[in-house]
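# Tertiary structure, described
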Amino acid sequence: MGLVVFVDCTGMAWWQWPKGLRDRHPEALKAARNTLQSHMKQVLFEQWMFQEQWNIIKSHAEAIGVKLFGDVPIYVAHDSSDVWANRAYFTVNSEGLCDEVAGVPPDYFSETGQRWGNPLYVWETLQASNFAWWIDRVSVQMRR
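Residues numbered from 1 in each chain as written. Predicted model: local features only at pLDDT ≥ 70, side-chain atom pairs only at ≥ 80, totals over all residues. Heavy atoms only, no water.

### Things to note about unusual backbone geometry
Of note, the phi angle at Arg 24 is positive, near 60°, even though the residue is not glycine. Mapped onto the secondary structure, Arg 24 falls in the loop between helix H1 (19-22) and helix H2 (26-35). We classify Arg 24 as partly exposed; its relative accessible area is 32%. A positive phi angle, near 60°, is found at Phe 131, a position not held by glycine. On the secondary structure map, Phe 131 appears in the loop between helix H5 (123-128) and helix H6 (132-142). (Helix = DSSP H or I, 4+ residues; strand = E, 2+ residues; numbered from the N terminus. Buried < 20%, exposed > 50% of the residue type's maximum accessible area, 1.4 Å probe, protein only.)

### So, the pattern of salt bridges
Scanning the model with the defined rule gives 4 salt bridges in all. The partner of Asp 23 in a salt bridge is Lys 19, and the shortest N-O contact between them spans 3.5 Å. With a shortest N-O distance of 2.8 Å, Asp 23 and Arg 87 are connected by a salt bridge. Note that Asp 23 is positioned in the loop between H1 and H2 and Arg 87 in the loop between helix H4 (81-85) and strand S1 (101-104), a separation of 64 residues in sequence. Since its relative accessible area comes to 21%, Asp 23 is described here as partly exposed. The class for Arg 87 is buried, based on a relative accessible area of 18%. Connected via shared salt-bridge partners are Lys 19, Arg 22, Asp 23 and Arg 87. (Salt bridge = Lys/Arg side-chain N within 4 Å of Asp/Glu carboxyl O.)

### Here we look at the side chain of Ser 80
Mapped onto the fold, Ser 80 is located in the loop between helix H3 (37-63) and H4. Look at Ser 80 and you get buried, because its relative accessible area is 16%. In this structure the side chain of Ser 80 is engaged in a polar contact, spanning 3.2 Å, whose partner is the backbone nitrogen of Val 83. (Polar contact = N/O pair within 3.5 Å; in protein donor to acceptor, adjacent residues only side chain to side chain.)

### Side note on the environment of Asn 86
Of note, Asn 86 is situated in the loop between H4 and S1. For Asn 86, a relative accessible area of 23% translates into the label partly exposed. Distance from Asn 86 to Trp 133, taken between C-alpha atoms, is 8.4 Å for residues 47 residues apart in sequence. A distance of 2.9 Å separates a polar side-chain atom of Asn 86 from the backbone oxygen of Asp 82.

### A short note on the packing of aromatic side chains
By the definition in use, this model includes 13 aromatic pairs. Taken together, the aromatic side chains of Tyr 75, Phe 90, Trp 116, Tyr 121, Trp 123, Trp 133 and Trp 134 make up a single cluster linked through ring pairs. Residue placement shows Arg 24 over the ring face of Trp 84; its charged tip is 4.3 Å from the ring centre. (Phe/Tyr/Trp six-rings, centres within 6.5 Å; stacked < 30°, edge-to-face > 60°. Lys NZ or Arg CZ within 6 Å of the ring centre and 35° of its normal.)

### Describing the nonpolar core
Core analysis: the largest hydrophobic core is formed by 17 residues, its most contacted members being Leu 21, Phe 90, Tyr 121 and Trp 133. For this core, the secondary structure elements donating two or more residues are H2, H4 and H6. Here this core takes 3 residues from H2, the largest share from any one element. Apart from the residues lying within four places of it in its own chain, the contact partners of Tyr 121 are Ile 74, Tyr 75, Val 76, Tyr 89, Phe 90, Thr 91, Leu 126, Trp 133, Trp 134 and Arg 137. (Core = buried A, V, L, I, M, F, W, Y, C linked by side-chain atoms within 4.5 Å. Contact = heavy atoms within 4.5 Å.)

### Notes on the confidence of the model for the protein
Across the protein, the average pLDDT comes to 92, with 94% of residues at 70 or higher. Put simply, H6 is where the protein has its lowest mean pLDDT, 91, and H5 is where it has its highest, 98. (pLDDT = per-residue confidence, 0-100.)

Shown next, in the form of structure tokens:
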């Protein structure tokens, strides 16, 4: 692929990144990993710290009889790492832009409907993988 030059993509959505990084070419990922190593370590530390603190709060709540619950949103954000790393499962084109997005048509609550902007799923591809992405997603949530 030739010389890979890393470009600072801070604040950019993944589909705006240079093509090699956007399309997850190994050389571009390696260059980014090398260049962003300290930043990545900081983000990993922050995520770990959040999880540790969340576990303490959750354990305390359970100990005093408070149940914490929520839902898992059906859609993921277009600019999420889920879509970037698993593009075949989502309705995004070769440049990473959405071909179709989630929303609702006009109804009693909104004359114009709502455009949520989340890519839709390619259910046939998910089914061919035995829904591995969904199973992983729900499994992570069940551990918390």
